[in-house]
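Structural characterization, general
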Amino acid sequence: MAAGTPYVIAIVGAGPSGIYAAEALSQQTEVPVEIAVIDRLPVPFGLVRYGVAPDHESIRSIRNTLERTLERPEVRFYGDVNIGTDLRIEELRSAVDAVIYAYGAGSDKRLDIPGEDLTGSIAAVEFVAWYCGHPDVHPDVDQPDRDSLLMAAAIDELISSSSQAVVVGVGNVALDVARVLIKSAPELIDTDMPDDVLESHAHKGIREVRILGRRGPAYTAFTTKELRELGQLPGVDVFVAPHDLELDESGQAVLERNKVAARNMTVLREWAERMPTGAARRIHLDFWTRPIKIIGTDRVTAVEVERTMIDPDGYVAGTGETHTVPAQLVVRSVGYRGRALPGVPYDDSTGRVPHAEGRVIRDHGFSANEYVTGWIKRGPTGVIGTNKSDALETVTSLLADISDGAVVRRGRSGDLDRLLASRGIRPLGIGAWHKIDAAEIELGLKHGRRRTTLAHRSELLAAAEEDHKSNVP
Ligand code: NAP
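Residues numbered from 1 in each chain as written. Predicted model: local features only at pLDDT ≥ 70, side-chain atom pairs only at ≥ 80, totals over all residues. Heavy atoms only, no water.

The number of helices and strands found in the protein chain is 18 helices and 18 strands. With the C-alpha coordinates of the protein chain rotated into their principal frame, the extents come out at 70 × 55 × 40 Å. Sequence-distant contacts, at least 24 apart, represent 75% of the contacts inside the protein chain between residues at least 6 apart. A total of about 20200 Å² of accessible surface is found on the protein chain, and carbon and sulfur atoms cover 51% of it. The average position of the 54 basic charges and that of the 69 acidic charges among the side chains of the protein chain differ by 2 Å. (Helix = DSSP H or I, 4+ residues; strand = E, 2+ residues; numbered from the N terminus. Contact = heavy atoms within 4.5 Å. Areas by Shrake-Rupley, 256 points an atom, 1.4 Å probe, with all protein chains shown as cover. Lys, Arg positive; Asp, Glu negative; His and termini not counted. Charge placed at Lys NZ, Arg CZ, Asp CG, Glu CD.)

This is the structure in structure tokens:
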């Protein structure tokens, strides 16, 4: 750790991108730093807790590495502090020497087709938030402060009354959604899903999931390990139509230059040749298929889809050949999208904060003390580890600006705490997380599970106050 008056850096967002930025700042020895990692939720870890599928425990365990960064002496976690509500951006900026925005992409892209807002048509971002136990989707009974997200009760009702689901999009989130939809409750018990989410899976009726790809099999956004997993689910038949796998020249060219696409194609070909076992649960992958209308009066009953092709300019085009797929649930998994945070520059056309190498652009020039990293910087792409190199680029820019004197050290240590205290805001620190962690393990063990996520904010706050017997399973 470098000695001397520290530069005080606030990071807005305690997901992987924010914590990797804290790690890069705390590991350098040139400049003394004090780092405040702020999150509106009472707990840290962002998408590692609220995005990575609960049955992907090895990816979720990245949390342990992130936790160690939050425990470093120059880093402090400020949970349950909402920037934009508890503190305005300008107030935060004046209390610290520099700010790094790392608040991710919490919204969803739309399909812009008729019927998209019918009951039964939901965004993957909502479904994922539900099964991971995000407090926005699991509001306290006495605090129905929802914004655009659905309520847990609505999702519970949808999955219990649906037997056929359509998932639009062929990315990794679509795979997560399809897998979680088709798995039974006993197959999900070895996860940390909240108890009531697991209970919903126990009475869900989903027997068929149809994944729609608007382009051909060469253009999937899957990683092969995740794709392969879909074909390994016991008691589930996976169907791919052989004629969907015929490649035109452009598809062939993609496979020649893209190893992941080529590996995915091998998996898909193997599935196309498989004999169905007659399993009661089925997953279909339909390529060259896009939804053009979600059908229903009170709620979704079907999806009208159109066969597609690639036009001479390389764009997806409809062939005019349509048919109807019965479905009671449609999950739109066509990508996440960043949201505007009041007071922070935002480009609505990209859903991102405008920047160059992580330096925020405000009023056509670089802002003196604002930086950005993660999905709100580059868009919702890459795996968790991608955020590490991304954060490093941003922190390198910040350190260069410190070295050039563009970021001024103003002796701000303690100012943020005083400002929060003057508002009556009590941030939850890493100690509170340790208590919540212990409470979740304890709750899980009670029901023979590894851990159980506490989904409601009130439960998280109560656990943060309590002493628990042990945090060792
Ligand atoms: P994604 O990888 O960008 O995939 C989005 C999919 O939606 C693409 O197949 C895209 O097709 C399709 N799409 C977009 N607009 C569409 C439209 N209007 N109609 C039909 N299809 C449309 O996004 P994601 O699945 O949300 O994943 C986000 C990021 O998180 C990715 O980088 C992903 O790898 C990562 N992630 C990783 C894991 C893991 O490693 N286990 C798990 C979850 C997420 P086109 O290509 O035709 O546009």
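Around the ligand lies a shell of 22 residues, among which Asn172, Val173, Arg214, Arg215 and Gly382 are the nearest. Here Glu226 contributes a side-chain N or O atom positioned 3.3 Å from a nitrogen atom of the ligand. Starting from 910 Å² of accessible surface for the ligand in isolation, the protein chains cover 80%. The dominant element in the shell around the ligand, judged by the number of residues it contributes, is helix H8 (residues 172–182), at three residues. (Near = heavy atom within 4 Å. Polar contact = N/O pair within 3.5 Å; in protein donor to acceptor, adjacent residues only side chain to side chain.)

What follows is about the environment of Pro354. Tracing the chain through its elements places Pro354 in the loop between strand E15 (336–337) and strand E16 (355–356). When its relative accessible area of 27% is taken as the criterion, Pro354 is described as partly exposed. Ignoring anything within four residues of it in the chain, the contact list for Pro354 reads Pro345, Tyr346, Asp347, Arg359, Val360 and Ile361. (Buried < 20%, exposed > 50% of the residue type's maximum accessible area, 1.4 Å probe, protein only.)

Strand pairs in the sheet, formed through backbone hydrogen bonds, run parallel or antiparallel to each other. The strand order E3-E2-E1-E4-E18-E17-E16 describes an open sheet built from seven strands, whose pairing is mixed. Of all the strands in the sheet, the pair left with one neighbour each is strand E3 (75–78) and E16. Bridge count for strand E2 (residues 33–38) against E3 is four bridges, and the pairing is parallel. Note that in E3 the partner of Ile38 across the bridge is Tyr78. (Pairing = 2+ DSSP bridges.)

Empty space among the atoms becomes visible once a probe the size of a water molecule is rolled across them. Counted under the stated rule, the structure contains one cavity of 30 Å³ or more. One number sums up the size of the largest cavity: a volume of about 30 Å³. When grouped by side-chain class, the residues that make up the lining of the largest cavity number two nonpolar, one polar and six charged. (1 Å grid on protein atoms, 1.4 Å probe; cavity = no way out; pocket = protein on both sides within 12 Å on 5 of 7 lines; lining within 4 Å. Points joined across faces, edges and corners; volume = space filled by probe spheres on them. Nonpolar A, V, L, I, M, F, W, Y, C, P; charged D, E, K, R; others polar.)

A word on the packing of helix H4 (residues 62–70) against helix H17 (residues 430–446). Between H4 and H17, whose axes approach to 10 Å, the crossing angle comes to 150°. The orientation of H4 relative to H17 falls into the category roughly antiparallel. In terms of crossing hand, the pair formed by H4 and H17 is left-handed. Counting all contacts with H4, which are made through Arg63, Glu67 and Leu70, the residues of H17 involved are Ile430, Trp433 and His434. (Axes fitted to C-alpha atoms, helices over the stretch in contact; angles between N-to-C directions. Parallel < 35°, antiparallel > 145°, perpendicular 65-115°, else oblique. Left-handed = near helix turned anticlockwise from the far one by under 90°.)

So, about the pattern of salt bridges. Under the criterion given, the structure shown has 43 salt bridges. Of the charged contacts in the structure, one is a salt bridge between Glu116 and Arg110, with a shortest N-O distance of 3.6 Å. A relative accessible area of 39% places Arg110 in the partly exposed class. The partner of Arg412 in a salt bridge is Asp415, and the shortest N-O contact between them spans 3.2 Å. Residues participating in the shared-partner salt-bridge network are Asp55, Asp176, Arg179, Lys183 and Glu229. (Salt bridge = Lys/Arg side-chain N within 4 Å of Asp/Glu carboxyl O.)

Taken across its six residues, strand E1 (residues 7–12) has six buried, putting it largely inside the fold. Judged by which residues are buried, E1 turns out to be covered on both faces: Tyr7, Ile9 and Ile11 on one side and Val8, Ala10 and Val12 on the other are all buried. Alignment of E1 against E2, held across six bridges, turns out to be parallel. Across the sheet, residue Ile9 finds its bridge partner in E2, namely Ile35. Between the parallel pair E1 and E2, the chain is carried across by helix H1 (residues 16–27), and the sense of this crossover is right-handed. Where E1 and strand E4 (residues 98–101) come together, four bridges link them in parallel fashion. Looking at the pairing, Ile11 lines up with Ile100 of E4. (Right-handed = clockwise from strand over helix to strand, strands pointing away.)

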